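A closer look at the structure
Each chain, letter by letter, is given below.
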Protein chains: 2
Amino acid sequence: MRHRLKDVAERAGVSVKTVSNVVNGYAHVRPDTRARVEEAIAELNYRPNLSARNLRKGRTGVIALAVPELDIPYFAELARHVVTAAAELGWTVLIDQTGGGREQERVVASGITEHLIDGLIFSPLALTAEDLTGLDGTPMVLLGERVDHGPADHVGIDNVGAAREITAHLVGLGRSRIAAIGAQRTAEGASARLRLAGYGAALADAGIAYDERLVAPAAAWHRADGAAAMRALLASGVRPEAVFCFNDTLALGALRALHEAGLRVPEDVAVAGFDDIEDGRFSVPTLSTIAPDKERIARLAVEMLAGRIDGDRTAPARELSAPYRLALRESTLGR
Amino acid sequence: MRHRLKDVAERAGVSVKTVSNVVNGYAHVRPDTRARVEEAIAELNYRPNLSARNLRKGRTGVIALAVPELDIPYFAELARHVVTAAAELGWTVLIDQTGGGREQERVVASGITEHLIDGLIFSPLALTAEDLTGLDGTPMVLLGERVDHGPADHVGIDNVGAAREITAHLVGLGRSRIAAIGAQRTAEGASARLRLAGYGAALADAGIAYDERLVAPAAAWHRADGAAAMRALLASGVRPEAVFCFNDTLALGALRALHEAGLRVPEDVAVAGFDDIEDGRFSVPTLSTIAPDKERIARLAVEMLAGRIDGDRTAPARELSAPYRLALRESTLGR
C-alpha cells in the first residue's frame with residue numbers, strides 16, 4: 001500500500017501542511033516536530049511523489065537561480081527566499097554562480113541548462129538586453145538593475161528613490177560633506193549608476209553642491225573594497241561627515257577603516273549601506289541601510305516564472321517593483 | 001569558419017589560458033583584459049564547445065553541490081571555491097540548498113537530480129550512513145563531519161585537533177574560565193560534538209576542570225544564536241574570561257552581545273571562532289579563528305569526484321583530510 005501525506009500527518013499527529021513543510025525542507029519547523037514527522041515518514045516508508053506530479057505536467061521540477069556571487073550575502077539571502085518560495089510550488093532550485101562575466105552569463109541565458117530546468121531566475125551583471133533578444137526556450141525572470149524594460153519579465157526595486165531617501169536621512173542628521181562609496185563607470189555598474197543618481201538628487205534637494213572628490217569608486221563591492229575606498233577618502237583630505245555606501249559589505253569595510261583611523265561612528269562619520277544583510281544587524285555599530293523586501297522579490301519572481309511556465313509564454317514582458325524600507329540603526333543614529 | 005580558443009587569444013593578444021579563464025567565468029581576470037577577450041569573442045562569434053566535449057564523454061557537464069544553508073557564509077565561500085575548481089575541469093556547478101533536513105537530503109542523495117548531473121558534492125547535516133548505503137548511480141563526494149568512514153568518498157578536516165588548538169591558545173592567554181558556545185545534542189550535531197571534544201581535551205591538557213555551566217547550547221549556528229548564548233552565559237553569573245564559539249557567525253553574535261554588555265574584547269573576554277569567513281577579517285574587533293583550507297577542500301572534492309566520474313566507480317571509499325591553520329587576530333590578541 002502506498003501511503004499519502006495525510007497518513008503521515010495522522011501518524012505524526014500534525015497537520016498535512018506541517019508534513020509538507022518538512023518534506024519541502026523548510027527551516028522553520030520545530031526540531032521535535034520535524035523529528036516526529038521524519039519518524040512517521042520512515043515508519044510508513046512514505047515517498048513524496050514529486051516526480052510523478054512533474055511528469056504529468058511535462059516538467060523537470062527544477063528551476064535555476066543564476067546570481068553573480070554567493071559571497072555577497074545579499075545573493076545568499078535572496079537564494080534562501082527563492083528556495084522557500086519555489087518549494088511551495090513544488091520546485092527544487094539549483095543555483096548557478098556566474099561570476100558576473102558576460103560570456104558566462106550569455107551561456108546561462110542561452111540555455112546551456114535548457115534540458116535540465118523548467119525556468120530560470122537570473123540576476124545578470126554584464127549581460128545586455130541585446131544578449132537576451134531573440135532567445136526563446138527556457139522561461140526567464142530577471143532580477144536587479146542590469147536589464148530592465150528588456151525582453152523578459154523583471155522584478156526590481158526603485159534604486160534611485162531608495163538611494164535618495166537614505167542620503168536625505170544623512171542630510172537630516174545635519175551633515176553636509178556626504179561621501180558616496182561604490183561608483184562604477186563600467187557597463188556592469190547599473191546599480192551603481194542608479195544609486196549615484198539618487199545620492200545626487202538628495203544633495204540637490206538639500207541645496208548641497210555635488211563634489212566629485214567625495215565620490216569614491218569601487219571596482220567590486222566587497223568589504224576590502226569598502227575599506228580601501230574609505231581609507232582613500234580619509235587620506236585625500238576631504239574629511240567626510242557621512243558616507244553612503246552602495247551596498248552593506250562596502251559599508252562594513254568602511255566601518256572597519258574608520259575604526260582603524262580612530263574615528264567614531266556616527267559622531268565623527270555617519271555610515272549607511274544598502275541591502276540589509278544579516279551582518280549589519282550584528283556589527284559594531286549596527287548598520288543603517290536600505291532594506292529591500294527580499295522575500296517579496298523572491299516570491300514575485302517565482303510566481304512570475306510559474307506563470308510563464310504554466311501559462312502564456314508569448315505575452316509581453318512585465319515589470320514589477322518590490323517595496324523597500326529604511327532600516328535605521330546605530331551607524332547613523334548612535335546608541 | 002568556426003573559430004577556436006587560439007584565434008580568440010591571438011585577436012585579443014593574450015594567452016589561450018587567459019581566454020579559457022574568461023570563458024569559464026573566473027573572477028580573477030583584470031577588467032581590461034576581460035573586456036579585450038570579450039570583444040574578441042564577440043568579433044569572432046566564438047562559442048565554447050563545451051556541449052560537444054561533454055557529449056563525447058557521455059557527460060552532462062554539470063555537477064551539483066548540495067549544502068545545508070547558503071546563509072552560513074562558510075558554505076557560500078566553499079561554493080565559490082568549488083565553482084572555480086570545477087570550471088578548470090570543464091564542469092558547471094549547480095548548487096542545491098537542502099535546509100539540512102533529513103528527508104530533503106535523502107531526496108538529493110537518492111538522485112532526484114540523477115539525470116541532470118554527472119556527480120554530486122554533498123555536505124549533509126541530518127543524513128546517516130544508512131541513508132547512503134545501497135545508493136548507487138550518481139558519483140558522490142561527502143564534505144563535513146556528518147558522515148565519515150561511510151560508503152562514499154569524503155573530505156574533511158581534523159575538527160578535534162583544530163578545536164583543541166584554538167582552545168589551547170585561549171588557555172595560553174592565561175584565561176581559565178573558558179566557555180564554549182554551539183553545543184548540540186541532536187543527530188545533526190556531529191561538528192558540535194567533535195569541536196566540544198577538542199575543547200574538553202585542551203582543558204584537560206591544561207588541568208582545568210570541565211564545567212558544564214560554561215558550555216552553552218545553540219540549536220542553529222547563526223549570529224542571533226551566538227548573541228543569545230552569550231547573553232545567557234553573562235546572565236547566569238559564571239563570568240567567562242574567554243569563549244570558543246563553534247563557528248564564526250556564532251562568534252560575531254557573541255562579540256555583539258559582549259559589546260552591548262559593555263565588556264571589552266579581549267581584555268575582559270577573549271573570543272575565538274571557527275571557519276575563517278570574510279566577515280571576521282573586517283569585524284570590530286577582528287576575529288581569531290580556525291582557518292580550514294577551503295580552497296584545498298574544494299579542489300580535493302572536485303578531483304575525487306572527477307576520478308569517480310571518469311574512472312573506477314567501485315573502488316573502496318577514500319577519506320582525505322585538508323589542512324587548517326590558526327588565524328589569530330584582535331579578538332584574542334588585542335590591537
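Quick summary incoming for the structure in this document. Everything numeric here is computed off the predicted structure, so don't read it as measured data. (Residues numbered from 1 in each chain as written. Chains lettered and ligands numbered in written order. Predicted model: local features only at pLDDT ≥ 70, side-chain atom pairs only at ≥ 80, totals over all residues. Heavy atoms only, no water.)

With an RMSD of 0.1 Å, the operation that places chain A on chain B is a rotation of 180° combined with a shift of 0.0 Å along the axis. Such a combination of rotation and displacement between the chain copies is what one expects of a two-fold axis. Residues of chain A ranked by C-alpha distance from the rotation axis are headed by A:Ile95, positioned 2.3 Å from it. Here 100% of the interface residues in chain A have copies in chain B that are interface residues too; the copies meet face to matching face. (Least-squares fit on C-alpha atoms with pLDDT ≥ 70 in both. Contact = heavy atoms within 4.5 Å.)

Residue and element names in this part refer to chain A. As for its position among the elements, Ile 41 is in helix α3 (residues 31–44). You can call Ile 41 buried: its relative accessible area is 1%. The sequence separation of Ile 41 and Leu 5 amounts to 36 residues, and the corresponding C-alpha distance is 9.0 Å. (Helix = DSSP H or I, 4+ residues; strand = E, 2+ residues; numbered from the N terminus. Buried < 20%, exposed > 50% of the residue type's maximum accessible area, 1.4 Å probe, protein only.)

Any pair of aromatic rings gets described here by the distance separating the centres and the angle formed by the planes. Applying the stated criterion across every chain, the model contains eight aromatic pairs over all chains. Between the aromatic rings of A:Tyr74 and A:Phe75, the centroid separation amounts to 5.5 Å while the plane-to-plane angle is 75°, which identifies the pairing as edge-to-face. Pair check on accessibility: A:Tyr74 and A:Phe75 agree, each one buried. When the centroid spacing of 6.2 Å and the interplanar angle of 70° are considered together, the rings of B:Tyr199 and B:Tyr210 count as edge-to-face. Of this pair, B:Tyr199 sits in helix α9 (residues 190–205) while B:Tyr210 sits in the loop between α9 and β7 (215–217), and the two are eleven residues apart along the sequence. Through a chain of ring-to-ring contacts, three or more aromatic side chains come together here, namely A:Trp221, A:Phe244 and A:Phe246. Over the ring of A:Phe274 we find A:Arg195; its NZ or CZ atom is 3.7 Å from the centre of that ring. (Phe/Tyr/Trp six-rings, centres within 6.5 Å; stacked < 30°, edge-to-face > 60°. Lys NZ or Arg CZ within 6 Å of the ring centre and 35° of its normal.)

The next thing to look at is the packing of helix α10 (residues 223–235) of chain A against helix α11 (residues 248–260) of chain A. Residues and elements named next belong to chain A. Direction vectors running N to C along α10 and α11 enclose 45°, while the axes themselves pass 6 Å from each other. Overall, the two elements α10 and α11 adopt an arrangement that is oblique. At the point where α10 passes α11, the crossing takes the right-handed sense. Here Arg 223, Asp 225, Gly 226, Ala 227, Met 230, Arg 231 and Leu 234 of α10 come into contact with α11, specifically with Thr 249, Leu 250, Leu 252, Gly 253, Ala 254, Ala 257, Leu 258 and Glu 260. (Axes fitted to C-alpha atoms, helices over the stretch in contact; angles between N-to-C directions. Parallel < 35°, antiparallel > 145°, perpendicular 65-115°, else oblique. Left-handed = near helix turned anticlockwise from the far one by under 90°.)

For the rest of this paragraph, the subject is the interface of chain A and chain B. On the chain B side, the residues contacting the 51 residues of chain A number 51 residues. Counting across the interface, chain A meets chain B through eight salt bridges. For B:Glu330, the salt bridge goes to A:Arg256, with nearest N and O atoms at 2.5 Å. Linking chain A to chain B there are eleven residue pairs in polar contact (both at pLDDT 80 or more). Every element with two or more residues in the side of chain A that touches chain B is listed here: α3, α5 (73–88), β2 (92–97), α6 (102–109), α10, α11 and α12 (279–282) of chain A. With six residues, β2(A) is the largest single contributor of residues to the side of chain A that touches chain B. Class assignment of the residues belonging to the side of chain A that touches chain B gives a composition of 21 nonpolar, 13 polar and 17 charged. (Salt bridge = Lys/Arg side-chain N within 4 Å of Asp/Glu carboxyl O. Polar contact = N/O pair within 3.5 Å; in protein donor to acceptor, adjacent residues only side chain to side chain. Nonpolar A, V, L, I, M, F, W, Y, C, P; charged D, E, K, R; others polar.)

The next thing to look at is the pairing of strand β10 (residues 289–292) of chain A. All names here are of chain A. Residues Thr 289 and Ala 291 line one face of β10 and the alternating positions Ile 290 and Pro 292 line the opposite face, and both faces are buried. Two strands pair when backbone bridges link them, and β10 and strand β12 (residues 324–327) are joined in this way by four bridges, in the antiparallel orientation. The residue of β12 that forms the bridge with Ile 290 is Leu 326. (Pairing = 2+ DSSP bridges.)

Residue and element names in this part refer to chain A. Overall, parallel pairing links the four strands, which are arranged β7-β6-β8-β9 in an open sheet. The two strands at the open ends of the sheet, each matched to only one other strand, are β7 (215–217) and β9 (270–272). Neighbour to neighbour, the strand axes of the sheet diverge by 20° on average, direction disregarded. Sheet topology note: the strand β6 (residues 178–183)/β7 ladder contains three bridges and is parallel. Paired with Ala 180 across the strands is Val 215, a residue of β7. Against the sheet, helix α8 (residues 159–172) touches β6, β8 (242–245) and β9, its axis set at about 165° to β8. Strand contacts of α11: β6, β8 and β9, with the helix running at about 160° to β9, the strand carrying the most contacts.

Next up on the list: the packing of helix α8 (residues 159–172) of chain B against α9(B). Geometrically, a packed helix pair is captured by the angle between its two axes and the distance between the axes. Residue and element names in this part refer to chain B. For the pair α8 and α9, interaxial distance at closest approach is 7 Å and the crossing angle is 45°. By the angle between their directions, the pair α8 and α9 is classed as oblique. Where α8 crosses over α9, the two elements pack in a sense that is right-handed. Here Asn 159, Val 160, Ala 163, Arg 164, Thr 167 and Ala 168 of α8 come into contact with α9, specifically with Leu 194, Arg 195, Ala 197, Gly 198, Tyr 199, Ala 201, Ala 202, Leu 203 and Asp 205. Taken together, the residues of the contact of α8 with α9 sort by class into nine nonpolar, three polar and three charged.

Our focus in this paragraph is the environment of A:Arg223. When you line up the elements, A:Arg223 lands in helix α10. On a C-alpha basis, the gap between A:Arg223 and A:Leu255 in space is 9.5 Å, while along the polypeptide they are 32 residues apart. The contacts of A:Arg223, once residues within four sequence positions are left out, are A:Pro73, A:Thr249, A:Leu252, A:Gly253, A:Asp279, B:Glu278, B:Asp279 and B:Phe282. Polar side-chain contacts of A:Arg223 include one of 2.5 Å to the side chain of A:Asp279. Engagement of the side chain of A:Arg223 in a polar contact is seen with the side chain of B:Glu278, the distance being 3.0 Å.

Moving on to the pattern of salt bridges. Residue and element names in this part refer to chain B. A complete count under the given rule lists 34 salt bridges over all chains for this structure. Residues Asp 276 and Arg 329 are paired through a salt bridge, measuring 2.8 Å at the closest nitrogen-oxygen approach. Here the residue Asp 276 occupies a position in the loop between β9 (270–272) and α12 (279–282), and Arg 329 occupies one in the loop between β12 (324–327) and α14 (330–333), the gap between them amounting to 53 residues. In this structure Asp 276 comes out as buried when scored by relative accessible area, which is 8%. A relative accessible area of 17% places Arg 329 in the buried class.

Before going further, it helps to examine the sheet that holds strand β4 (residues 140–143) of chain A. The strand order across the open sheet built from twelve strands is β11(A)-β5(A)-β4(A)-β3(A)-β1(A)-β2(A)-β2(B)-β1(B)-β3(B)-β4(B)-β5(B)-β11(B), with neighbouring strands paired in mixed fashion. The open sheet has two free edges, formed respectively by β11 (319–321) of chain A together with β11 (319–321) of chain B, since each of these has just one partner strand. The sheet shows a mean angle of 20° between the axes of neighbouring strands, direction not considered. In the sheet, strand β1 (residues 62–67) of chain B pairs with strand β3 (residues 119–122) of chain B via four bridges, with the strands oriented parallel. Bridging across to β3(B), B:Ala66 finds its partner in B:Phe122.

We now examine α11(A). For an α-helix the count is 3.6 residues per turn, leaving residues at separations of three or four pointing the same way. Residues and elements named next belong to chain A. The end-to-end C-alpha separation of α11 is 18 Å, in line with the 18 Å expected for 13 residues at 1.5 Å each. α11 sits mainly inside the fold: eleven of its 13 residues count as buried. Every buried residue of α11 is accounted for by Asp 248, Thr 249, Leu 250, Ala 251, Leu 252, Gly 253, Ala 254, Leu 255, Arg 256, Ala 257 and Leu 258. Looking at the residues trailing α11, positive phi occurs at Gly 262, about 75°. (Expected span 1.5 Å × (residues − 1).)

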